[in-house]
Every structure is written in C-alpha cells, then in structure tokens.
Amino acid sequence: MRRSTQRADGPPPVPGPPDNVARVVDAVHGLPGRPLPGVQAEALARALGGCLEATTVTIAVWLPLPAGHDADTATEHTVQEYWWTATGAEAAVPVPGAAPVRLCDGEQVLADLVVEPPAAAERLRRWPELHAVTRLLVSDIQAQLITAGAERLIGQSTLLLADTRLRAAGEMEHQRYQLERDLHDGAQHHMVALQMSLAMVEHQLGAGNAAEAGQHLDRLRELLASTEEVLHTTATGLLAPLADHGLVAALTARLEALDTVTLDIDPELVGYRYLPEVEAAVYLACLEAVSNAHKHAPGAAVTLTLRTSRRGLSFEVDDTGPGFDTEGRMPLRQLAARLASVDGTLTVRSSPTTGTRVSGFVAI
C-alpha cells in the first residue's frame, strides 16, 4: 500500500486507532451476499462518518460518459452521489464552497468526498491509513459501477438489435404482403382481361364469326401490348396513377377499355380529391370487385357506379352473372378489411340467377 507523503512544512499526520481503519474495511467487505456498489458506497459513507466523528459524509463517484455521448459537451464524466447523515443531524446537504477531499488513482479522479464539519474532513486528510483504505474501497466501487453501466449498455444494445431485426422482418413482410396485394389488384386484373379476350376469340371462331373474332384479336393485341406497362406499374406502385390523377381518372384509365365494363361516375367527382387513404381503399376495392366479377362471371356485363354525397363516397359493382348463394356468410373478407381500414363498410348481395352486387361506402 502506497502511503501519501506530507510536505516538510505541512501539518503532521494524525494517526487514528488501527481498529477504526479495520472497521471501515469490514463495513464494506462484510456486507452479506453480493451487495450492489451503491449499497457498498452508502456503507462506506456511514463507516467514515463514525471514524471521523462527522455529521454528514457525501461520496461523489466520478464515472466516464458512455460511448456515443455528445462530444461537444464540456463535461467528460458524470457523478453518482451517496451520502450518510448522523442521527439527529440536518439533511446531508454539502455546505456551498466546502472543499472536497479528492481521491485519485494517478491522474484518474475516483471521487470527491464532502465531509462535515470541516474539522472532520481535515481529520481524513491527515489520516494516511484511512485515506489510503478509502481510496482503494472507492476505486473498487467505481469499477463495479462502470462494469454495471457497461453491462446495462450491452443489454440495451442487444435489445435494440433484436428490436431492429424484428422491425426489419416486419417491414419486409409488410412489403411482401403489399406486393402480393398489388399483384392481386393490378396484374391479376389484367391477366383476367386477357383470358376473357382469348375466350371470346375462341368462342367467335367456334361460332364461325371470323369478323367478330378479328375484333377480339385486336383487343387481345392491345392488352398484350399494355402488359409491360401493367407489370411496371405494379413494380413501381399500383397507386401511382391514383396519386397523380385522382380516383376518377385512375379508375377510368384502368377500366374504360374493357368491353364488358360500364362506368357510371358522378360528374361531381371529376377533379375532386378525397384523403389519399380513402381514395386508395375505394380504388383497390373497385378493381378487386370488377376482377372478381370477371373471374366468376366471365362474359357477364359489369357496371361500376361511383357516387358522392354529403354523407360520403359510395360505389357499386353489379354483374349479370349467375350469382351464388351467400348462405349467411360474408364473402370478400379481404375487400371488407380494406374498407374497414378507413372506417368504411362493404355489402355483398347475390343469389343464384340474379347476379351479384358489391356495395361499399366510406363516410366523409
């Protein structure tokens, strides 16, 4: 143990009872179990108060700032304080301007001790054995605090990494689902139109109507020519036309060229814009409803009606197909969920031989 030296003209050391130094060590190392460093620091402050006949002892342990802190800050450390107050003494509030007893390990500052009254602090300065033991005990406490802080940061980093991975996986899953939905609502709709045109060509050829078959072949060529554009639109975002031109223009561009689809759009809707999420939900719901009509009622006439009112935005997709028996169940759950995301509702009415009507409404 290295003893501190005194200047020749300074006050002489004041040796204290050896057993007092041993009591300070025992007060810290004799704690049961595996005490936390804060508990050890409080025990050390209490033991020092008894040895020095002090009324208050405050131990301010210096701790380095964690990695990644603001380099522009003037402070390069934080302080963790622990204190003890004698029974009957006033609260442990250091006297402003009181000179602390600084404990150092070489150039590294371990802690500042503020001991009251000043005579008790002077007693610690002139008691080399107690001063050295206190420095060693504080050094161990500081090391434990730094280790605990590092472990806490590692734990936080691990949790942050796990959370980041989970978020990334969720985002990838969301993008995959979005792509699947866009393919379903965009490219699939186009593929259904191609199948219908091809079926019409086969039907007309089988009936011996070469002229009619030629017209449907022309339509089939147009659809094939636009396939690249449809796939590009799906890859870059199915909603791009909607965002650029609005609901009416996007639906018209997508459906007007289909022979079996009739558009009945409220003139007041032309140029009118709703919230983006509302337009997106209605746009995709209409496309899906028309695509389902083509899929399950090929060749049937389909009418899309779009209306606006003070209450909100509504649409209907009617087809003249064979219809089906809903049997008390709710079909098109995915479409209903899409509208529900903007507080909208969906109604499906159908029965054998009467066709199918899909109605949606979003309150504004």
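Residues numbered from 1 in each chain as written. Predicted model: local features only at pLDDT ≥ 70, side-chain atom pairs only at ≥ 80, totals over all residues. Heavy atoms only, no water.

## Concerning the overall build of the chain
Right, on to step 1. Across its full length, the chain holds 10 helices and 9 strands.
Right, on to step 2. Expressed as a percentage of its 364 residues, the buried residues of the chain come to 39%.
Right, on to step 3. The contacts of the chain with a sequence gap of at least 6 include a subset with a gap of at least 24, amounting to 67%.
Right, on to step 4. In the structure as shown, the chain presents an accessible area of about 20900 Å², 56% of it carried by carbon and sulfur atoms. (Helix = DSSP H or I, 4+ residues; strand = E, 2+ residues; numbered from the N terminus. Buried < 20%, exposed > 50% of the residue type's maximum accessible area, 1.4 Å probe, protein only. Contact = heavy atoms within 4.5 Å. Areas by Shrake-Rupley, 256 points an atom, 1.4 Å probe, with all protein chains shown as cover.)

## What about the sheet that holds strand β3 (residues 101–105)?
Right, on to step 1. Spatial strand order, β2-β1-β4-β3: 4 strands in an open sheet with antiparallel pairing. Strands with a single pairing partner mark the edges of an open sheet, and in this sheet they are β2 (77–85) and β3. The average angle at which neighbouring strand axes cross in this sheet is 20 degrees, direction not considered.
Right, on to step 2. Pairing geometry for β3 and strand β4 (residues 108–116), over 5 bridges, is antiparallel. (Pairing = 2+ DSSP bridges. Axes fitted to C-alpha atoms, helices over the stretch in contact; angles between N-to-C directions.)

## Some details on unusual backbone geometry
Right, on to step 1. Omega for the bond connecting glutamate 116 with proline 117 falls within 30 degrees of zero, at 0 degrees, which places this linkage in the cis form.
Right, on to step 2. Looking at the secondary structure, you find proline 117 in the loop between β4 and α3 (118–125).
Right, on to step 3. Unusually for a residue other than glycine, glutamate 53 sits at a positive phi of about 55 degrees.
Right, on to step 4. Positionally, glutamate 53 belongs in the loop between α2 (37–52) and β1 (56–64).
Right, on to step 5. Overall, the relative accessible area of 63% leaves glutamate 53 in the exposed class.
Right, on to step 6. If you check the backbone angles, aspartate 343 has positive phi at about 60 degrees while not being a glycine.
Right, on to step 7. Relative to the helices and strands, aspartate 343 resides in the loop between α10 (333–340) and β8 (344–350).

## Let's talk about α10
Right, on to step 1. Taken as a whole, α10 has its buried residues at Leu335, Arg338 and Leu339. Each buried residue of α10 lies within a common arc of 95 degrees when the element is viewed along its axis, so the set occupies one face. (Arc of directions from axis to C-beta.)

## Digging into the environment of glutamate 122
Right, on to step 1. Here glutamate 122 is to be found in helix α3.
Right, on to step 2. Assessed through its relative accessible area of 31%, glutamate 122 is described here as partly exposed.
Right, on to step 3. Once the C-alpha coordinates of glutamate 122 and valine 101 are considered, the two residues, 21 residues apart in sequence, prove to be 8.7 Å apart.

## Thoughts on the packing of helix α8 (residues 247–255) against helix α9 (residues 276–296)
Right, on to step 1. Where α8 meets α9, the axes come as close as 10 Å, and the angle between the chain directions of the two elements is 20 degrees. When the axes of α8 and α9 are compared, the pair comes out roughly parallel. Crossing of α8 over α9 shows right-handed handedness. Residues Leu247, Ala250, Leu251, Arg254 and Leu255 of α8 form the contact with α9, whose participating residues are Glu279, Val282, Tyr283, Cys286, Leu287 and Val290.
Right, on to step 2. Counted by class, the contact of α8 with α9 contains 9 nonpolar, no polar and 2 charged residues. (Parallel < 35°, antiparallel > 145°, perpendicular 65-115°, else oblique. Left-handed = near helix turned anticlockwise from the far one by under 90°. Nonpolar A, V, L, I, M, F, W, Y, C, P; charged D, E, K, R; others polar.)

## Digging into the pattern of salt bridges
One side chain can pair with another of opposite charge once the charged atoms of both are near each other.
Right, on to step 1. In the structure shown here, the tally under the stated rule is 7 salt bridges.
Right, on to step 2. A salt bridge links arginine 307 to aspartate 264; the nearest nitrogen and oxygen atoms lie 3.0 Å apart. Of this pair, arginine 307 sits in strand β6 (residues 302–308) while aspartate 264 sits in strand β5 (residues 261–265), and the two are 43 residues apart along the sequence.
Right, on to step 3. A salt bridge links glutamate 316 to arginine 357; the shortest N-O distance between them is 3.7 Å. With glutamate 316 in strand β7 (residues 312–319) and arginine 357 in strand β9 (residues 356–363), the pair connects residues that are 41 residues apart, well separated along the chain.
Right, on to step 4. By relative accessible area, which is 36% here, arginine 357 ends up partly exposed.
Right, on to step 5. Among the ionic contacts, a cluster of salt bridges with common partners joins Glu316, Asp318 and Arg357. (Salt bridge = Lys/Arg side-chain N within 4 Å of Asp/Glu carboxyl O.)

## Observations concerning the confidence of the model for the chain
Right, on to step 1. Scored by pLDDT, the chain comes out at a mean of 81, with 77% of its residues at no less than 70.
Right, on to step 2. Contacts from residues 1–8, a stretch scored under 50 in pLDDT, to residues over four places away or in other chains number 10 contacts. (pLDDT = per-residue confidence, 0-100.)

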